[in-house]
Amino acid sequence: MPADTHCPYCALQCAMTLTPEPITRPGSASVAGRDFPTNRGGLCKKGWTSVELLDSPERITRPLVRQGDGTFAEVSWPDALDLVATTVASSRARFGADSVAVFGGGGLTNEKAYQLGKFARLALGTSRIDYNGRFCMSSAAAAGNRAFGIDRGLPFPVEDLDQADTILLLGSNVAATMPPFIGHLAGARERGGLVVVDPRRSATAKLTDDGAGIHLQAAPGSDLVLLLGLTHIVFAKGLADLDYLASRTTGADALRRSTNAWWPERVQARTGVPAGQLRAVARRLARGRGSYILTGRGVEQHVDGTDTATAAINLALVLGLVGRRGSGYGTMTGQGNGQGGREHGQKCDQLPGYRKISDPDAREHVARVWGVDPSVIPGPGLPAVELLNELGELGGVRCLLVHGSNVVVSAPDVEHVRRGLATLDLLVVCDFFFSETAALADVVLPVTQWAEEEGTMTSLEGRVLRRRRALEAPAEVRSELWILQELARRLGAPGEYSSDPAVVFDELARASAGGLADYSGLSHELLDTGIAAYWPFAPGSEGTPRLFLDRFAHPDGLARIVDVAPAPSEEAPQQGGVLTLITGRLLEHYQSGAQTRRVPELARAQPEARVQIHPATAAGLGIVDGEVVELSNVRGTVRCRAELTADIRHDTVFLPFHFAGVECANILTERATDPVSGMPEFKRTRVRLVASERVVADA
Amino acid sequence: MREHEGAGAPPMHVVLVGFGPVGARFVEELLDAVRSGVVRLTVLGAEAHDPYNRVLLAEYAVGRAERERLDLLDTAAAVRAGVDVRLGEIAAAIDRERQEVRLASGGSVRYDRLVLATGARANVPTLVGLEGARRERGAAPDRGRVTGAGSADTGGGPDISRGAAAAAVLDSGRSPLPPGVVVLRDLADAEVVRSAIHDSRRVVVLGAGVLGMELALAVAEQGAEVVVVHHGDIPMARNLDRGGGRLLSRAARSAGVAVVAHARAETLLLRDGRKGERRFDALGCADGKVIPGDLLVLSCGVGARTELAEGAGLAVAAGILVDEELRSWTDPDVFAIGDCAQVADPAAGADGVRSGVIRMPGAPSGLIGPGWRQADWLARTFASEATALERPPLLPPERPAVVMLKAEGVDVVSGGDISAELWDEEPAGHADSCRREITQWADPARGSYLKLITRGGVVEGFVSVGLARAGAELTLLFERGSEVPSDRSVLLRLDAAGEPVTASDPLAPDATVCWCNGVSVQSVVDAGAAGDGSVACVSAATRAGTGCGGCKGRIAEILASAALVAARPLAAPFAG
């Protein structure tokens with residue numbers, strides 16, 4: 001039977017239909033795009049080839065346990081689960097509950113993310129749970145919560161963008177990361193109103209060619225200053241919506257004063273973007289009301305990512321765009337369930353429904369749903385980078401359970417993470433492939449893929465979608481809900497742990513009731529009727545396609561304009577091959593590449609990491625196209641081929657982060673984090689670039 | 001220096017003289033320390049206004065910006081935090097022995113630390129008719145005059161408040177500027193210019209430095225008649241070379257600014273005004289030229305306000321001499337920041353001071369950036385001392401300044417030392433790797449000009465006119481001390497009319513047609529040839545067009561042109 005479901009990859013969650021092919025290709029399916037407002041029947045290369053993963057010969061099909069000689073042996077499920085349960089129980093008894101940690105993922109269904117948070121708090125009793133969304137959406141989430149009192153990536157349906165007059169897109173290469181999305185940019189492009197801010201002339205930046213808009217090629221990490229400059233111009237030219245500021249926001253006056261100090265020429269000196277372009281963009285944004293401001297990871301993955309996203313929100317507020325039909329601010333969520341994954345308790349400081357774990361009322365409510373005393377729920381834990389820093393430290397984490405994440409590729413400073421993992425008493429990885437992190441594990445548990453499971457995902461627009469089973473998983477493969485149920489039973493955990501996604505969803509809905517991300521009016525059954533379910537969705541309501549039309553989520557209903565300022569400019573000179581490294585994605589690959597590198601068609605198209613270098617920079621360093629080069633800093637060295645392109649700034653290099661081993665971009669990134677969000681600095685890394693042959697010659 | 005006592009001691013009392021943009025930044029950065037009670041802060045501001053951003057004064061003066069745009073500090077919030085702000089209050093003298101500032105209005109304020117942020121005043125040139133208005137160097141603020149009536153009816157402007165009058169007195173000479181003549185230094189001046197432009201009068205700007213040019217361009221943009229008068233060959237001669245200056249002149253003229261070069265202004269010609277006052281009529285030049293107008297704006301540079309320091313016996317050269325910690329050479333409890341401060345090494349300068357010939361680096365730049373950095377640093381240092389925290393690291397020496405003309409549609413920026421000419425030889429002694437290199441591009445007909453002076457690939461000086469992106473990029477590289485691309489033409493190509501930088505043929509075989517599925521032109525052509533040549537068959541074979549669908553039109557175009565190419569051999573015999 002064909003199953004109507006959604007793509008396994010990114011947050012656009014393109015609708016697809018999977019049809020099992022029991023005769024021609026047992027264990028797999030054929031895929032077709034399905035008409036839906038987000039993708040309108042289209043799929044990108046990743047979606048079209050996603051079924052290759054189902055019957056991949058590399059699939060893990062039985063539980064594996066590392067042996068004394070370092071090899072893995074297949075074991076039975078009871079043996080594997082007993083081993084995990086005994087080890088974590090003894091660790092808890094000897095070293096305390098916080099010696100066991102959980103690392104989740106933004107690709108897990110809402111049901112799994114919810115159950116994982118509950119399992120950590122109740123079955124393990126640990127506060128140490130966080131997830132890879134910390135590396136993805138945390139800054140935008142923090143900025144959204146601070147400004148609006150709520151964090152939903154796009155507070156409006158994606159198709160609202162079709163009518164836009166102007167779209168300012170900062171730090172997002174959607175043409176490569178979620179290609180079907182660019183259909184929603186077509187209207188703004190036709191009207192000449194697509195503005196892309198990126199240090200690269202990326203595929204998305206090229207969409208501004210031929211009069212479709214303008215590309216601002218700002219220096220890496222200068223978005224905050226650029227946004228202050230645009231805000232300055234809006235105030236200066238009398239383009240601010242003063243009535244809106246007075247009736248719907250607080251803090252505008254302090255912002256006006258502080259941005260008074262960022263006149264265009266001063267901004268030009270810090271960003272490399274001419275004052276004339278800044279003025280043109282500010283005027284364009286203020287022309288009518290059909291303007292949207294969208295941010296991506298290029299803006300947010302910085303130690304000042306929260307403040308930078310806040311500056312984008314401030315600009316949107318000053319223009320009066322937010323909470324009005326036909327205009328707005330949004331952040332482009334990355335991972336498949338990056339939205340739902342950040343709402344239901346995977347975050348270290350959070351309980352289901354986007355509740356704060358430190359809020360007594362929230363604890364009371366959730367404890368009641370869980371059937372426990374609020375006092376048994378641990379307090380806030382540590383955000384991802386700090387959690388990983390604790391691995392093997394005295395009094396730190398000794399056992400780690402990893403779900404839907406490949407931390408030795410995706411975390412900053414991966415060599416440090418690798419050393420931390422090596423010190424653990426127990427590393428358990430749930431995955432369907434032998435990812436680089438699974439390869440380091442003591443126990444690897446094979447789990448179901450998207451086409452083999454039921455559940456829900458919440459897309460980048462805050463719409464709750466049904467994931468449906470198209471075919472049976474291989475015999476010895478289990479769902480994570482079942483694994484958590486079995487482990488909870490062995491650990492004697494309080495509360496219920498159903499392995500039925502519909503039942504877990506109903507519990508999630510109750511736990512989220514009255515929270516910011518309220519799913520309480522939803523069920524699998526209701527979702528199966530095909531309703532467009534945007535949260536918050538209280539019982540009897542029709543959901544909330546557009547947030548903020550009447551009020552923001554702060555108690556007084558007003559948006560907060562938080563005055564932000566850049567750190568003093570202390571950029572060290574870039575000379576002699578010292579360049580700024582930025583990282584990002586390719587069309588063909590997704591996240592750490594654990595899946596897409598195993599799809600032959602995608603791997604053929606992009607088999608290895610290539611670092612993008614400007615030809616003039618390469619010429620100065622004696623580097624030719626296709627040559628092997630080395631990028632180094634104090635944390636390590638990446639070796640990969642050079643790809644010369646005039647599309648990148650001459651002082652910047654770009655490396656995709658989908659690759660492992662010596663090609664892993666995160667060998668070079670550092671563990672410094674944003675003080676508000678815990679986001680690492682991924683996109684402003686100093687590296688030295690040399691031709692690889694030259695290293696040999698020098699040595 | 002007397003160390004401030006730690007916990008339990010009374011709060012350190014800081015007195016700030018001067019409440020311009022630099023003083024305001026200092027207050028802002030010290031607010032937390034004031035709130036927490038470890039620092040007491042008293043501010044003496046000569047003007048009656050809250051501090052405002054002088055950098056944007058010209059825009060206000062021409063009516064391009066509203067008054068709110070000049071706001072910097074929320075003074076009410078500062079007062080709520082506990083800062084004692086006294087507006088319209090002039091510091092008349094410093095008694096360093098008793099650590100007191102005497103006020104022009106009588107009374108005095110004691111200090112533990114004194115910070116001078118007195119800024120600079122506009123120079124009044126030597127012109128016949130302006131003798132009395134020129135300020136004698138070192139003249140002390142005069143109490144008698146301060147309390148007197150408003151002294152400057154500057155011709156048709158709005159009423160000037162007591163504070164503004166007091167501030168004006170700070171800078172005026174024995175007699176006020178005649179009506180119709182202003183410098184553009186404070187809000188009161190700006191009001192005069194604003195009303196003149198509003199009445200569409202003819203404005204004469206004397207001096208073509210960056211401020212003079214900005215004002216003239218802004219006036220022209222507002223539709224008033226304006227003429228800039230300067231000596232020498234080119235405007236902005238301190239910042240531009242001949243090529244850049246010539247182009248700026250041309251750009252200014254086409255923007256509606258009349259430019260009179262090689263003019264040596266000598267005389268102020270006056271006429272009777274409506275109220276019988278003798279007011280500005282025209283500027284007389286040495287060569288006999290007479291330049292008439294209704295308003296003369298003097299834009300002849302600025303000089304540090306140092307008289308308070310001099311009167312107190314503090315070492316002064318072009319500005320108040322301070323060491324790298326911004327502390328007066330003479331008194332460890334006195335500091336200076338911003339346009340009144342000259343940062344120089346006391347050891348290097350001691351000889352000069354003794355001999356009375358004081359010429360040394362570190363003279364105030366007149367730019368806001370260094371002043372703000374000094375204010376930030378000094379405030380953080382005071383706060384750290386008062387709370388026994390670690391001091392911030394010393395400020396790095398200021399890099400040579402970048403000067404950017406703030407004008408819409410005229411892109412002029414320069415930085416560093418631009419004196420070297422294209423074929424100049426350097427004295428021997430430099431290794432090849434760090435020899436000076438000069439790059440130049442000039443296209444006067446299209447209004448673009450670039451000169452770039454580098455050493456070891458790092459910019460020492462540059463001029464960029466009419467090249468918006470190259471200018472912006474060079475500013476960034478110069479301020480960071482980063483290398484320029486080895487192929488200098490990369491910079492020029494940033495402004496190439498037909499972006500993309502590397503013009504790629506959209507029909508080249510390897511050009512991407514379908515972004516969603518990464519399908520090339522060649523793949524589309526091949527799939528079309530293998531199938532029935534329809535878009536649908538190409539989509540089925542390659543998935544091109546099956547993502548966002550935006551490329552279906554292009555696929556059809558490619559198929560059509562491929563079909564033409566395929567058809568051509570048949571047509572060839574008839575074409576011959």
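Residues numbered from 1 in each chain as written. Chains lettered and ligands numbered in written order. Predicted model: local features only at pLDDT ≥ 70, side-chain atom pairs only at ≥ 80, totals over all residues.

1. What about the overall build of chain A?
Summing up its helical and strand segments, chain A has 23 helices and 27 strands in all. Radius of gyration (C-alpha) of chain A: 24 Å, near the 27 Å computed for a compact globule of 699 residues. Taken along its principal axes, the extent of the C-alpha atoms in chain A is 70 × 70 × 55 Å. In chain A, buried positions account for 64% of the 699 residues. Nonlocal contacts in chain A, meaning residues at least 24 apart in sequence, comprise 72% of its contacts between residues at least 6 apart. (Helix = DSSP H or I, 4+ residues; strand = E, 2+ residues; numbered from the N terminus. Rg over C-alpha atoms; globule rule 2.2 N^0.38 Å. Buried ≥ 20, exposed ≤ 12 C-beta atoms within 10 Å, placed from the backbone. Contact = placed C-beta atoms within 7 Å.)

2. Side note on the overall build of chain B
What chain B contains, in helices and strands, is 16 helices and 27 strands. Relative to its full complement of 576 residues, chain B shows a buried share of 50%. Across chain B, the fraction of contacts at a sequence separation of at least 24, relative to all contacts at a separation of at least 6, is 61%.

3. Details of the sheet that holds strand β1 (residues 3–6) of chain A
All names here are of chain A. Read from one edge of the open sheet, three strands run β1-β2-β3, paired in antiparallel fashion. Single-partner strands in this sheet number two, and they are β1 and β3 (29–33). Here the average twist between neighbouring strands, direction ignored, is 35 degrees. Direction of pairing for strand β2 (residues 15–20) relative to β3: antiparallel, over a ladder of five bridges. Note on β3: the bridge partner recorded for T19 is S30. (Pairing = 2+ DSSP bridges. Axes fitted to C-alpha atoms, helices over the stretch in contact; angles between N-to-C directions.)

4. Topic: the UniProt feature "domain: 4Fe-4S Mo/W bis-MGD-type" (unreviewed entry) in chain A
The feature "domain: 4Fe-4S Mo/W bis-MGD-type" (unreviewed entry), as given by UniProt, occupies residues 1–58 of chain A in the numbering adopted here. The straight-line gap between the two end C-alpha atoms of residues 1–58 of chain A is 26 Å; of that span, 7% is helix and 26% is strand. (UniProt positions renumbered as here; feature names shortened; annotations may be inferred.)

5. Regarding the sheet that holds strand β17 (residues 426–431) of chain A
Residues and elements named next belong to chain A. Pairing in this open sheet of seven strands is mixed, and the strands run β5-β4-β18-β17-β16-β6-β7 from one edge to the other. Looking along the sheet, the strands with just one partner apiece sit at the ends: β5 (72–74) and β7 (129–131). Taken pair by pair, the neighbouring strands of this sheet meet at an average axis angle of 20 degrees, ignoring direction. Judged from the five bridges that link them, strand β16 (residues 399–403) and β17 form a sheet pairing that is parallel. Bridging across to β17, L401 finds its partner in V428.

6. What about the environment of P11 of chain B?
Residues and elements named next belong to chain B. On the secondary structure map, P11 appears in the segment before β1 (12–17). A count of 17 C-beta atoms within 10 Å places P11 in the partly exposed class. Sequence separation of P11 and C516 is 505 residues, and the distance between their C-alpha atoms is 65 Å.

7. Some words on the domain arrangement of chain B
The domain architecture assigned to chain B consists of domain 1 (12–120 + 303–386), domain 2 (124–300), domain 3 (411–493) and domain 4 (512–575). Between the C-alpha centres of domain 1 of chain B and domain 4 of chain B the distance comes to 70 Å. (Domains from an automatic or database assignment.)

8. A few points about the domain arrangement of chain A
Residue and element names in this part refer to chain A. Split by domain assignment, chain A resolves into domain 1 (3–53), domain 2 (64–135 + 338–449 + 474–495), domain 3 (138–331) and domain 4 (578–698). Here the C-alpha centroids of domain 2 and domain 4 sit 30 Å apart. Taken together, the contacts link 18 residues of domain 2 with 19 residues of domain 4. Broken down by secondary-structure element, the contributors of at least two residues to the side of domain 2 that touches domain 4 are α15 (384–389), α16 (407–410) and α17 (414–422). In terms of residue class, the side of domain 2 that touches domain 4 is made up of nine nonpolar, five polar and four charged. (Nonpolar A, V, L, I, M, F, W, Y, C, P; charged D, E, K, R; others polar.)

9. Regarding the confidence of the model for chain B
All names here are of chain B. Here chain B shows a mean pLDDT of 85. Residues at 70 or above account for 85%. In the model of chain B, helix α4 (residues 143–146) stands out as the element of lowest mean pLDDT, 38, in contrast to strand β7 (residues 113–116), which has the highest, 98. Predicted confidence is poor over residues 142–164, with pLDDT under 50, and the contacts of this stretch with residues over four places away or in other chains come to 49 contacts. Below pLDDT 50 for its whole length, residues 569–576 participates in zero contacts with residues either more than four positions away or in separate chains. Confidence estimates for the predicted assembly give a pTM of 0.91 and an ipTM of 0.86. (pLDDT = per-residue confidence, 0-100.)

10. Digging into the pairing of strand β14 (residues 278–285) of chain B
All names here are of chain B. Pairing analysis gives seven bridges linking strand β13 (residues 265–272) to β14, with the strands arranged antiparallel. Looking across to β14, one finds that L268 is bridged to L283. Where β13 folds back onto β14 in an antiparallel hairpin, the turn is made up of five residues, including G276, whose phi is positive at roughly 85 degrees. Relative to strand β15 (residues 290–292), β14 runs antiparallel, the two being bridged by three bridges. Pairing of A282 across the sheet is with P292, part of β15. Here β14 folds back onto β15 in antiparallel fashion, the turn holding four residues, of which G288 has a positive phi close to 95 degrees.

11. Things to note about helix α12 (residues 468–480) of chain B
All names here are of chain B. For α12, which comprises 13 residues, the first-to-last C-alpha distance of 19 Å matches the rise-based estimate of 18 Å (1.5 Å per residue) to within 8%. A large share of α12 lies buried, amounting to 13 of its 13 residues. A positive backbone phi angle near 70 degrees is found at G481, which sits one or two residues after α12. (Expected span 1.5 Å × (residues − 1).)

12. What to know about the interface of chain A and chain B
With 48 residues of chain A at the contact, the number on the chain B side is 47 residues. Broken down by secondary-structure element, the contributors of at least two residues to the side of chain A that touches chain B are α1 (45–48), α7 (223–236), α9 (252–259), α10 (264–271), α11 (275–285) and α22 (615–620) of chain A. Here the side of chain A that touches chain B gets four residues from one element, more than from any other, and that element is α22 of chain A. A class-by-class count of the residues in the side of chain A that touches chain B yields 24 nonpolar, 13 polar and 11 charged.

13. A few points about the packing of α7 of chain A against helix α13 (residues 305–318) of chain A
Residue and element names in this part refer to chain A. Between α7 and α13, the shortest axis-to-axis distance is 9 Å and the interhelical angle comes to 15 degrees. Judged by the angle between their axes, α7 and α13 are roughly parallel. The interaxial crossing formed by α7 with α13 has left-handed handedness. Of the residues in α13, those in contact with D223, L224, L227, L228, L230, T231, V234 and F235 of α7 are D307, T308, A311, A312, N314, L315 and V318. Looking at the contact of α7 with α13 residue by residue, the class counts come to 10 nonpolar, three polar and two charged. (Parallel < 35°, antiparallel > 145°, perpendicular 65-115°, else oblique. Left-handed = near helix turned anticlockwise from the far one by under 90°.)

14. Description of the environment of I234 of chain B
Residue and element names in this part refer to chain B. Its location among the elements puts I234 in the loop between β11 (225–229) and α8 (242–254). By C-beta crowding, I234 is classed as buried, having 20 other C-beta atoms within 10 Å. Taking the C-alpha atoms as reference points, I234 and R278, separated by 44 residues in sequence, lie 33 Å from one another. When near neighbours in sequence (up to four residues on either side) are disregarded, I234 contacts L240, R242, G245, R246 and S249.

15. Structural notes on the packing of helix α3 (residues 110–124) of chain A against helix α19 (residues 501–512) of chain A
Residues and elements named next belong to chain A. In contact at an axis separation of 9 Å, α3 and α19 are set at 65 degrees when each is read in the N-to-C sense. At the point where α3 passes α19, the crossing takes the left-handed sense. Here N110, E111, Y114 and Q115 of α3 lie close against α19, whose contacting residues are P501, V504, F505 and L508. Across the contact of α3 with α19, the residue classes tally to five nonpolar, two polar and one charged.

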